[in-house]
Amino acid sequence: GMPSAHHPTPRGPRAGQFGHFVRVAVDGPAHSAQRASPEGDSASGLDRLTSMPASPELFADLIDDAAVFPPGNAPLEVALRRHQDHRRAGHAPAIGPLLVPASASQELIELLEGDSVTEPLGVGVIGRPGTDPALVADAVDRLHRSDRVRLVGAELGWLPDWRDLGLSVPLALEVARDVRSGQGEQLADIAAGGSVPVLAKFRTGATATWPWPDETE
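Because the structure is a prediction, the values reported are computed rather than measured.

Caption draft 1: Highlighting the overall build of the chain. When helices and strands are tallied, the chain shows 5 helices and 8 strands. When its helices and strands are written in sequence order, the chain yields β-β-α-β-α-β-α-β-α-β-β-α-β. Summing over all exposed atoms, the chain offers an accessible surface of approximately 13,300 Å²; the carbon and sulfur share of this is 55%.

Structure representation (C-alpha cells):
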C-alpha cells in the first residue's frame, strides 16, 4: 500500500506462515479469527492465537484502490464513482486511497469539483519508472492545493536526486528489479532516509521472460 506517516506497516506473523491458513470474519459485531488445518483442530498455541478477536485497526486502509491501472484499466470517472461507493460500504474502513497517475491530477480535480461528496478524497499519486519526475512533483503540488483532496503519498521510480524534488508527502520509490542494475545501492540510499517518510517498492509483476519472480529473486 501507499506509505503513510499515520499508518505504519504492521509487522508480525503472516497468514500461512505456520503451514495453516487463518480465516478472519469481519462482517459481524464480534470480529473473530479461526484456524483451519488439514490435520484437524487439535489445541495448540496457534489455536489460542487465532481465537483472539481480530482488531479492526489491522485492516485500516489495507486496500489501495488501483482501479485505473492494469488489469482493470477503468476510466478515472468510473473509478472515482466506484471508489465513492466503496467508501459508503460496510468495508469502508479497509479501503485506502484512490491511486491516480500523475498525468491525471487535473482531470481528478475537475471530477471532484462536480462531485456531490464534499469530504476530501484520499489520493496517492503514481509515477511509474520512466515518468518525468517533474510531472509527479507538479501533480503533488496541484493536488495539495485542492481542498477536495487529502494527498497521502506519491510513488515514482528511484532516481539519484529524488530528495531534490522537494516532495512533501510520504514516498514509495520503486527500485531496480535486477540486483545487477544497482538495486543494492538504491536500497542503501533509501535506507538513509530523507525529509519525508520513504520506503522501497519491489515490482513483482510479469516480465518479458518470466511471469513472476523466481526463488532466487
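Caption draft 2: Expanded view of the sheet that holds strand S4 (residues 95–101). Spatially, the 6 strands line up as an open sheet ordered S3-S4-S5-S6-S7-S8, and their pairing is parallel. Edge positions in the sheet fall to strand S3 (63–65) and strand S8 (198–201), since each of these pairs with one other strand and no more. Taking each pair of neighbouring strands and ignoring which way they run, the sheet shows an average axis angle of 30°. As defined by bridge partners, S3 adjoins S4 across 2 bridges and the pair is classed as parallel. Across the sheet, Ile63 pairs through a bridge with Ile95, a residue of S4. In the packing of helix H2 (residues 76–88) onto the sheet, contacts are made with S3, S4, strand S5 (121–126) and strand S6 (149–157), and the angle to S4 comes to roughly 170°.

Caption draft 3: Summary view of the pattern of salt bridges. This model, assessed by the stated rule, comprises 6 salt bridges. With a closest N to O distance of 2.7 Å, Glu155 and Lys201 form a salt bridge. Here the residue Glu155 occupies a position in strand S6, and Lys201 occupies one in strand S8, the gap between them amounting to 46 residues. Judged by its relative accessible area of 8%, Glu155 falls in the buried class.

Caption draft 4: The pairing of S6, seen in detail. Taken across its 9 residues, S6 has 8 buried, putting it largely inside the fold. Note that S5 and S6 share 6 bridges and pair parallel. Bridge assignment links Val125 to a residue of S6, and that residue is Ala154. In this fold, S5 hands off to helix H4 (residues 133–144), which returns the chain to S6; that crossover is right-handed. With 4 bridges connecting them, S6 and strand S7 (residues 171–174) associate as parallel partners.

Caption draft 5: Just the packing of helix H3 (residues 105–113) against H4, in detail. Following both chains from N to C, one finds H3 and H4 inclined at 20°, their axes separated by 9 Å at the closest point. When the axes of H3 and H4 are compared, the pair comes out roughly parallel. Crossing of H3 against H4: the hand is right-handed. Along the contact surface, H3 presents Ser105, Gln106, Leu108 and Ile109, while H4 presents Ala139, Arg142 and Leu143. Of the residues that constitute the contact of H3 with H4, the class distribution is 4 nonpolar, 2 polar and 1 charged.

What counts as what
Residues numbered from 1 in each chain as written. Predicted model: local features only at pLDDT ≥ 70, side-chain atom pairs only at ≥ 80, totals over all residues. Heavy atoms only, no water. Helix = DSSP H or I, 4+ residues; strand = E, 2+ residues; numbered from the N terminus. Areas by Shrake-Rupley, 256 points an atom, 1.4 Å probe, with all protein chains shown as cover. Pairing = 2+ DSSP bridges. Axes fitted to C-alpha atoms, helices over the stretch in contact; angles between N-to-C directions. Contact = heavy atoms within 4.5 Å. Salt bridge = Lys/Arg side-chain N within 4 Å of Asp/Glu carboxyl O. Buried < 20%, exposed > 50% of the residue type's maximum accessible area, 1.4 Å probe, protein only. Right-handed = clockwise from strand over helix to strand, strands pointing away. Parallel < 35°, antiparallel > 145°, perpendicular 65-115°, else oblique. Left-handed = near helix turned anticlockwise from the far one by under 90°. Nonpolar A, V, L, I, M, F, W, Y, C, P; charged D, E, K, R; others polar.

All quantities given are derived from atomic positions and should not be read as evidence of function.
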